[in-house]
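# Structure at a glance
This is what each chain is made of:
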Amino acid sequence: MGRSSLNQEIATPGDDNNGDLGFSWSHERSLFKRTHPHQGNNADRTKLADRHSRGSRPSHYSRRKVIQLRGRSLIYFVILLAVFGFAVASMVLQSSITSLFRQGSETGRRRLFKEGLEFGGSFEFVPLRRFDENGRLDRLRLEARVVVRSPRLALILGNMKKNPESLMLFTVMKNLQQLGYMLKLYSVEDGEARTMWKQIGGPVSILNHERYGHLDWSLFEGVIADSVEAKEVISSLMQEPFCSVPLIWIIHEDTLAKRLPFYKKMGWEHLISHWGSAFSRADVVVFPDFSLPMLYSVLDNGNFFVIPGSPVDVWSVESYVKTHSKYDMRQRNGYGRDDLLVLVVGSSFFFNQLSWDYAVALHTLGPLLIKYAKRKYDGGSFTFVFLCGNSTDGFIDPMQEVAAHLRLSPGSIRHYCMNGDVNGVLLMADIVLYGSFQDEQGFPSILTRAMSFGIPIIAPDLPLIKKYVVDGVHGMFFSKHNPDDLLRAFSLLISRDGRLSKFASVVGSSGKVLAKNLLASECINGYAKLMENLLNFPSDVSLPNPISQIHQHSWDWNSIRAVMGQRADDTISTDNDDAVTQTTSVIYSLEDTMSSIMDSRNISQYNAGDLEQDLFNVEDWDVLKEIESFEELERREIEQIEDRMGKNPGHWDEIYRNARKSEKLRFEANERDEGELERTGQPVCIYEVYCGAGAWPFLHHGSLYRGLSLSTRSTRLSSDDIDAASRLPLLNDSYYRDLLCEIGGMFSIAYKVDVIHKRPWIGFQSWRASGRMVSLSNKAEFVLEKKIQRQTKGDVMYFWTRLGMDGGLTGSYDSLTFWSMCDVLNGGQCRTAFENAFRHMYGLPPSLEALPPMPEDGGRWSSLHSWVMPTPSFLEFIMFSRMFVDSLNSLHGNTCKTTCLLGSSQLERKHCYCRILELLVNVWAYHSARRMVYIDPQTGLLEEHHPIARRKGFMWVKYFNSTLLKSMDEDLAEAADDGDIPSDTWLWPLTGEVHWQGIYEREREERYREKMDKKRKIKVKLLERMKFGYKQKTLGG
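Residues numbered from 1 in each chain as written. Predicted model: local features only at pLDDT ≥ 70, side-chain atom pairs only at ≥ 80, totals over all residues. Heavy atoms only, no water.

Take unusual backbone geometry next. Residue Pro 241 is reached from Glu 240 by a cis peptide bond, and omega for that bond is 10°. Looking at the element boundaries, Pro 241 is found in the loop between α7 (231-235) and β7 (247-250). Unlike most non-glycine residues, His 865 shows phi in positive territory, near 50°. The topology assignment puts His 865 in the loop between α33 (830-842) and β22 (867-870). (Helix = DSSP H or I, 4+ residues; strand = E, 2+ residues; numbered from the N terminus.)

Below you can see the structure in the form of structure tokens.
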């Protein structure tokens, strides 16, 4: 359960740690403030002491005090008596009102008091994390930045219906697009609003269960999921390598929240845990109002956040008005056309359990009721309607009792329940009075609806309401607990003839215009600020424009109306959509699955109950143990007898058959899949590097490919994938595994390569190539295999994933040089880091240039570690790469765990060396005079880039000579063998084999010594036999 759960401890006014809890308690001075029990005891003791002291005083003292009341003091006494009388009258009215609400909500109040909520108090949602801090990108905007693409967002729609949630989300996404974000849209199901979404995101991809696991979410800086219906897609984000992709989950509906108590009642704890794990995957769960986090508090993991603002109330009102009439509703409910209805509403929290707001409102309304409710005008009357509670709370009779106590006319006070037709009650009203004095966090939804109907509102001067509503323009304000101020506001809205004044009509119209786009600007800015604080912006990604450039302050009604057309039935509210989609909702689908599992368990339990008589008891188990011990004793005796007797080996056919059977069992234990059998005799094997179960759908099957898992836990079970961590223990450390990425898997293959790879050619491909749709097609695979079989001379590297090619989602790198592209991908520090590491690796003096030149001929370069080359060339490349990685780590290893020179975002710091090592093969292939041939992954066309004839005069062959690299490798191996460690961060011995000539000689000497010892032992044994003869050991000796 989350820390902000409603069932958690509620902070008291004296607590200093409200910020550490999900919900804090705020209390205001109310008319009905309770006394603390200890305070009450102290007060009683004080009264008793005073009474005792007064009783012990002389009687003439009392007479003297009475005499002193003469004159001016008598006037003060009369005034005090009048005040006391008014207080008594107020208490009588208050007690009558209190008894009204006691019947329907006593149980709810008792429960709330038990949890720590007092009268006049309120709940407050306090997020455990702040997602709306300002200025996070201000520092990055001041830095020089070379970018080639915009930040990408994936939007997963639960549906594409025409509803207020789509209007809100479309408005937000349209403004995010204007800030510089690039959108890619997915949807769980198709809908009528598809044409609207195409305006901002292009074609919408409709997802099904087969496609959930075939989406590369690492392409995006963030993923936004809308609605609970996107839960199944979110499941694909719960596995590596997608766990680090920021996820924002927007929850509009309360359907799941209503089902959670039912799950708890049924004992479906696994289902609650299932939803809890899905909610915990989201980096932030966003709600449109402050009531939903309380309803979902069971699933809170500290990632709940509220961005208020939604057109759902305005949408509901406009849809309702199209099918209902004010005067028809009045006629149905027994009101006249000229009756003046004043609707009294309260807080939306605990409307059916805590009705103290209405008691306070009635106390304040006392003079108003007496003045207006008793009057009758020509053709109409005043009626005060209270909207609170539910149909079972029993409010009607106590309402009439209050009316009779105040001597009001019959029917002047009416009650309607909140679980009825709220829009109908609002439509009938002429004035809406908001009677709650609670300082809520969000603008009251009931007021938004009332203003959308064009009804003038009267509300207390709460800070939140005053923030948006202007007194005398959009509504009327009155001071808290001030009946005179309320009478003043009320009198401005009613003319002398008992009808609404023209001023009231103007206020209602202004309020309707305000409610149309209320909180739209705050909602748009809130999501824009959330993106800035949550997303990571890599070095090659442009930063979004500042939020100050957002100038839209309204919902995009024009776009939704263009889709909906002018038909009235298109604007019908979707309040009953739950009944229509119940059978298809993911919520009810999971419930059906859970219920079927529980039914099967009940059946198994029932069958088990029928077979209880067949189960063993304690005596049966004792008898069974005696039988087993007796059989074990007999078996041992038989074995001892067979050992003493000569055993017939049997016929040759039987021996041969047993041997074949043993070989077959041994083969089945080590049997590999069909792909491994097909790889026998193949000239090449391409190892697909992956890390995490989320990458499994992107891997290939067949004779050409073999999986290479960087993590032991994520290795596929039903295949012969290689576990890189078991071959190279360095990869068991998650820090180095994330630091090296795919090249760490290459190091593991190169370590004792003859054990697993015995083919003349070797290749690698990252799982991301399939996710970006740039992996080899069947046609390209056929062309590559044929070319390799005919390639007998020369050294060549074939690559098919070129730099800047990842499915068309990125910008263009064509205008950049190799080192410029490397700088873009590494925070502008690629040249500096490469030059320093190269200089340190070869020990070059500062006066010599240490950055290998790369041509600007417009040719293509390899990326994503997708290439094929001869196995000896691969080992030479690994030799060079190990020394380069060690040199790079020796310069930056001490600071890499906290900061990364090659990136600014959190994700770049985690994979600090990955992007520069991804391009390292190009530098090695170019300067070691390897041919570089690009093969089109779709068509299989071959094209050589950077021909060797054009490289003359540019290649640094002396630094990439195989003889030099081998001598450097032996020097490092000798230092490691001698224990001469240059630094604590020496990485080279951990990345592969350590061999030099001294190790070979020592191993040869060790083998020779073992051979001589064996010969000596045999010679001694033979001499003993010749001297003493052969002696057979006795049985049992």
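What follows concerns helix α11 (residues 312-321). Counting buried residues along α11, seven of its ten residues qualify, which places the element largely inside the surrounding structure. When α11 is considered as a whole, its buried residues turn out to be Asp 313, Val 314, Trp 315, Ser 316, Val 317, Ser 319 and Tyr 320. (Buried < 20%, exposed > 50% of the residue type's maximum accessible area, 1.4 Å probe, protein only.)

So, about the packing of aromatic side chains. Summed over the entire model, instances satisfying the criterion amount to 41 aromatic pairs. Relative to Phe 877, the ring of Trp 867 lies with its centre 5.9 Å away and its plane at 90°, an arrangement referred to as edge-to-face. Placement of the pair is Trp 867 in strand β22 and Phe 877 in helix α34 (residues 871-896), with a sequence separation of ten residues. Each member of the pair, Trp 867 as well as Phe 877, is classed as buried. Three or more aromatic residues joined by ring pairs make a cluster, and in this case those are Phe 818, Trp 819, Phe 834, Phe 838, Tyr 842, Trp 861, Phe 880, Phe 884, Tyr 926, Trp 956, Tyr 959 and Phe 960. Positioned over the ring face of Trp 275 is Lys 231, at 6.0 Å from the centre of the ring. A cation over a ring is seen here: Arg 882 above Trp 988, with NZ or CZ 4.4 Å from the ring centre. (Phe/Tyr/Trp six-rings, centres within 6.5 Å; stacked < 30°, edge-to-face > 60°. Lys NZ or Arg CZ within 6 Å of the ring centre and 35° of its normal.)

On to the sheet that holds strand β24 (residues 942-945). Read across the sheet, eight strands follow the order β19-β18-β17-β20-β22-β21-β23-β24 without closing on themselves; strand pairing throughout is mixed. The open sheet is flanked by β19 (722-723) and β24, the only strands paired with a single partner. (Pairing = 2+ DSSP bridges.)

Below, the discussion takes up the sheet that holds β7. Pairing within the open sheet is parallel, and its seven strands lie in the order β5-β4-β3-β6-β7-β8-β9. The sheet terminates laterally at β5 (205-206) and β9 (304-306), the two strands that pair on one side only. In this sheet, strand β6 (residues 222-226) lies alongside strand β3 (residues 152-157) in parallel orientation, the contact comprising four bridges. Paired with Leu 155 across the bridge in β6 is Ile 224. Of the strands in this sheet, β3, β4 (182-187), β6 and β7 touch helix α5 (residues 164-178), which is tilted by about 170° from β3. Against the sheet, helix α9 (residues 269-281) makes contact with β7, β8 (284-287) and β9, and its axis sits at roughly 125° relative to β7, the strand it touches most. (Contact = heavy atoms within 4.5 Å. Axes fitted to C-alpha atoms, helices over the stretch in contact; angles between N-to-C directions.)

A full pass over the atoms with the stated rule returns three disulfides. The disulfide that involves Cys 822 links it to Cys 830, with 1.7 Å between the sulfurs. Taking the sign of the S-S torsion, about 70° here, the bridge from Cys 822 to Cys 830 comes out right-handed. The class for Cys 822 is buried, based on a relative accessible area of 1%. Taking the relative accessible area as the measure of exposure, Cys 830 reaches 0% and is therefore buried. Once the bonded cysteines of the protein are numbered in order along the sequence, the disulfide links fall as 1-6, 2-3, 4-5. (Disulfide = S-S within 2.5 Å.)

For the rest of this paragraph, the subject is the pattern of salt bridges. Scanning the entire structure with this criterion turns up 30 salt bridges. Note that Asp 138 is salt-bridged to Arg 141, the shortest N-O span being 3.5 Å. Linking Asp 138 with Arg 141, this pair stays in helix α4 (residues 138-142), spanning three residues, or about one helical turn. Owing to a relative accessible area of 44%, Asp 138 belongs among the partly exposed residues under this scheme. Taking relative accessible area as the criterion, Arg 141 reaches 26% and is therefore assigned partly exposed. Taking the shortest distance from any N to any O, the salt bridge between Glu 876 and Arg 930 comes out at 3.0 Å. Residue Glu 876 is found in helix α34, and its partner Arg 930 is found in the loop between α37 (920-927) and β23 (931-935); the two are separated by 54 residues along the sequence. (Salt bridge = Lys/Arg side-chain N within 4 Å of Asp/Glu carboxyl O.)

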